Amino acid sequence: MKRYLNFLDGRKCELSNIYAVASNYKKHADEMGTTIPDEPTIFLKPTSAYISDGGTILLPKFSNEIHHEVELVVVIGKDGNNVSEEDAVNYIAGYAVGIDVTLRDTQTKAKKEGKPWGIAKGFYTSAPISSIVPATEFNGNIPDFDLLLKVNGEIRQSANTRMMERSVAQLVSFISKVFSLNEGDCIFTGTPEGVGKIQDGDTIFAELVGFVSLTCFVANKLEG
Ligand code: MG
């Protein structure tokens with residue numbers, strides 16, 4: 001089925017690829033016991049992972065440690081490849097807040113065994129994304145945003161995107177050279193520190209402070 005991203009101004013755009021960046025904030029790399037890689041570490045989520053504001057994250061039975069990771073999501077507005085960092089802003093349609101929901105126990109096992117993270121990062125409902133703030137609000141600049149995440153009203157993550165090790169322009173340029181860019185692509189740009197467990201019954205609130213927010217509910221998946 002086709003899935004659509006919602007802009008705050010009422011426009012819609014068909015969702016294309018979902019990319020995500022690992023270890024893009026030093027303090028999060030520290031809490032994971034890892035370092036900032038020499039080249040960006042990119043993984044993908046299938047479009048079936050996407051849920052919009054008000055959706056429910058369904059926890060698979062085979063994981064006992066499921067984490068929230070609040071992230072700035074960059075939405076691509078036109079096709080392209082080999083885009084320079086200077087030109088990257090011209091390919092951005094807008095910005096959203098997303099949660100890179102992660103099966104941490106599954107991911108840790110995959111890391112140990114040298115296997116891909118597809119299941120840990122790409123399971124059904126693992127990519128909640130808010131409505132999109134149109135890039136036209138920022139006069140040709142790529143702004144810094146305050147990111148916030150609360151679980152049941154309690155603040156768990158709070159940081160500014162200026163703490164990213166690789167900038168939005170660097171990531172858009174890099175992804176354009178490796179994969180090419182498609183209109184409707186979403187790029188999860190990495191999480192700051194403070195990741196932690198979520199469980200059945202939780203309500204998660206994430207925000208690009210002052211611009212847009214996302215509320216998701218958490219429930220156990222009945223099958224699978
Ligand atoms: Mg992440």
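Up top you'll find the structure we're talking about.
Residues numbered from 1 in each chain as written. Predicted model: local features only at pLDDT ≥ 70, side-chain atom pairs only at ≥ 80, totals over all residues. Heavy atoms only, no water.

Draft legend 1. Spotlight on helix α2 (residues 104-113). Turning to α2, its buried residues number three or more, namely Arg104, Gln107 and Ala110. For α2, the angular spread of buried residues about the axis comes to 125°, placing them on one side. More than 90 degrees from the buried face of α2, the exposed residues found are Lys109 and Lys112. For α2, the secondary structure elements touched by its buried residues are α1 (26-31), β7 (66-68), β10 (102-103) and α3 (118-122). Note on α2: the residue one or two positions beyond its end, Gly114, has a positive phi of about 70°. (Buried < 20%, exposed > 50% of the residue type's maximum accessible area, 1.4 Å probe, protein only. Helix = DSSP H or I, 4+ residues; strand = E, 2+ residues; numbered from the N terminus. Arc of directions from axis to C-beta. Contact = heavy atoms within 4.5 Å.)

Draft legend 2. Expanded view of the coordination of the magnesium ion. For the magnesium ion, the full set of protein donor atoms is Glu69 (OE), Glu71 (OE) and Asp100 (OD), at a range of 2.0 to 2.1 Å. Going along the chain, you hit the donors of the magnesium ion in the pattern E-x1-E-x28-D. On the criterion of sequence distance, the pair formed by Glu69 in the loop between β7 and β8 (70-76) and Asp100 in the loop between β9 (92-99) and β10 is long-range, its members being 31 residues apart. Summarising the burial analysis for this pair, Glu69 and Asp100 share the class buried. (Donors = N, O, S within 2.8 Å, 3.2 Å for Na, K, Ca; no water.)

Draft legend 3. Representation of helix α4 (residues 168-178). Buried within α4 we find Val168, Ala169, Leu171, Val172, Ser173, Ile175 and Ser176. Looking at the buried positions of α4, the neighbouring elements they touch are β3 (18-22), β4 (41-45), β8, β9 and β15 (186-188). Just downstream of α4, Ser180 is the residue with a positive phi angle, here 75°.

Draft legend 4. Representation of the pattern of salt bridges in the model. According to the stated counting rule, one finds 9 salt bridges in the structure shown. The residue Asp100 makes a salt bridge to Lys45 at a minimum N-O spacing of 2.8 Å. Here Lys45 lies in strand β4 and Asp100 lies in the loop between β9 and β10, a separation of 55 residues in the sequence. Each member of the pair, Asp100 as well as Lys45, is classed as buried. (Salt bridge = Lys/Arg side-chain N within 4 Å of Asp/Glu carboxyl O.)

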